[in-house]
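Residue strings, one per chain:
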Amino acid sequence: MAKVLIDRPNNGHFYPWPLVLVSCVSEEGVPNIITIGASSVCSAHPLIIGVAMGIRQYSYELMKATGDFGVNIPHTDQLFGADYCGGVSGRRTDKFADLEWTATPAAKITSPLIEQCPVSLECKIVEIAHLGSHDWVMGEAVAAHVDESILDGDGIAYDRTDPVWSFFGEYWSVGEKLCDWHGAEPN
Ligand SMILES: Cc1cc2nc3c(=O)[nH]c(=O)nc-3n(C[C@H](O)[C@H](O)[C@H](O)COP(=O)(O)O)c2cc1C
């Protein structure tokens, strides 16, 4: 994919609350991926992205060791891989190798990115909230890589995106644009 490096990503690059794939790497240099349904933009300036990490997740150990992580947005074309990465552990298998996916070196962090995903954000951990079963891990997005086919100026052409939502054991694609902000008609 011919991706454009964006030095100052904004929260528009993290488009509608999608299923994300967090990428990370072990001390031995083996890259890993964890599927994450719970993520969000926490701040726009600076852009902070939060991900809910189960406190015993293998990937979480790797993220704490490097102090960073990649947030990759899969499209429906990557659904098989996204589902796979949420069902097996990097403790036992190399998910990149299993899926024949490519771990691309990042520009500003140690964790690699997923070449096959159209958007990848490089995040440096700035704060962790210890909440219970999951920690809310907040990372500043210091760079974004966006496939040029969905890039519109500095932003994203959402009509050309095809992200995945996950709800209660199901995967969904996103529907059509309804209207602009403050343009909704009363029923
Ligand atoms: C659709 C989906 C969403 C998931 N969301 C989360 C999540 O938000 N946080 C989390 O810690 N695990 C989540 N998981 C579970 C992990 O992806 C799963 O335990 C994974 O195998 C852990 O990989 P690892 O052992 O290589 O770190 C999700 C799994 C699926 C299938």
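Refer to the structure above for everything that follows.
Cut-off values and rules
- Residues numbered from 1 in each chain as written.
- Predicted model: local features only at pLDDT ≥ 70, side-chain atom pairs only at ≥ 80, totals over all residues.
- Helix = DSSP H or I, 4+ residues; strand = E, 2+ residues; numbered from the N terminus.
- Rg over C-alpha atoms; globule rule 2.2 N^0.38 Å.
- Buried ≥ 20, exposed ≤ 12 C-beta atoms within 10 Å, placed from the backbone.
- Near = placed C-beta within 6 Å.
- Nonpolar A, V, L, I, M, F, W, Y, C, P; charged D, E, K, R; others polar.
- Arc of directions from axis to C-beta.
- Contact = placed C-beta atoms within 7 Å.
- Pairing = 2+ DSSP bridges.

J.: Tell me what's going on with the overall build of the protein, and back it up with residues and numbers.
T.: Within the protein one finds three helices and 14 strands. For a compact globule of 187 residues, the expected C-alpha radius of gyration is about 16 Å, and the protein comes in at 16 Å, within 12% of that figure. Here the C-alpha coordinates of the protein stretch approximately 55 × 40 × 30 Å along the principal axes. Put simply, the protein has 187 residues, and 37% of those count as buried.

J.: How would you explain the site of the ligand if you had to name every residue and give the values?
T.: Near the ligand there are 21 residues, and of these G54, S59, G86, S89 and G90 occur at the shortest range. Mapped onto the shell around the ligand, the elements with two or more residues apiece are β3 (31-36), β5 (48-54) and α1 (58-66). It is β3 that provides the largest number of residues to the shell around the ligand, a total of four residues. Considering only residue class, the shell around the ligand consists of seven nonpolar, twelve polar and two charged.

J.: Please give an account of unusual backbone geometry that cites residues and values.
T.: For the bond from H45 to P46, the omega torsion is -5 degrees, close enough to zero to count as cis. In this fold, P46 is placed in the loop between β4 (39-43) and β5. Here the phi dihedral of E100 falls at roughly 55 degrees; this positive angle occurs in a residue that is not glycine. Within the fold, E100 resides in the loop between α3 (95-99) and β7 (103-104). A count of 8 C-beta atoms within 10 Å places E100 in the exposed class.

J.: Can you break down α1 residue by residue, with the values?
T.: Working note: α-helix, 3.6 residues per turn, so residues spaced by three or four point in the same direction. Looking at α1, one finds that the buried residues are S59, Y60, L62 and M63. Seen along its axis, α1 keeps its buried residues to an arc of 160 degrees; they face one direction. Those residues of α1 that are buried are in contact with β2 (20-25), β3, β5, β6 (68-73), β9 (119-130) and β10 (134-147). Once α1 ends, the next one or two residues include G67, with phi positive near 80 degrees.

J.: Describe the pairing of β4, with residues and values.
T.: Here is the key point about a regular strand: its side chains alternate between the two faces of the sheet. Where β4 lies against β5, four bridges are found, and the strand directions are antiparallel. When the bridges of β5 are listed, S40 appears paired with G50. Between the end of β4 and the start of β5, which pair antiparallel, lie four residues.

J.: How would you explain the pairing of β6 if you had to name every residue and give the values?
T.: Most of β6 is tucked away, with six of its six residues classed as buried. As defined by bridge partners, β2 adjoins β6 across three bridges and the pair is classed as antiparallel. Each residue of the ladder has a partner; that of V22, found in β6, is V71. Inspection of the sheet shows β6 paired to β9 by six bridges, in the antiparallel sense. Paired with I73 across the bridge in β9 is V119.

J.: I'd like to hear about the environment of W101, residue by residue, with values.
T.: With respect to the helices, strands and loops of the structure, W101 is situated in the loop between α3 and β7. When the C-alpha positions of W101 and E115 are compared, they lie 7.1 Å apart, and in sequence the two are 14 residues distant. Apart from residues no more than four positions distant in its own chain, W101 is found in contact with G81, F96, I114, E115 and Q116.

J.: Could you give an account of the environment of A65, with specific residues and numbers?
T.: Checked against the element boundaries, A65 lands in helix α1. The sequence separation of A65 and S26 amounts to 39 residues, and the corresponding C-alpha distance is 8.2 Å.

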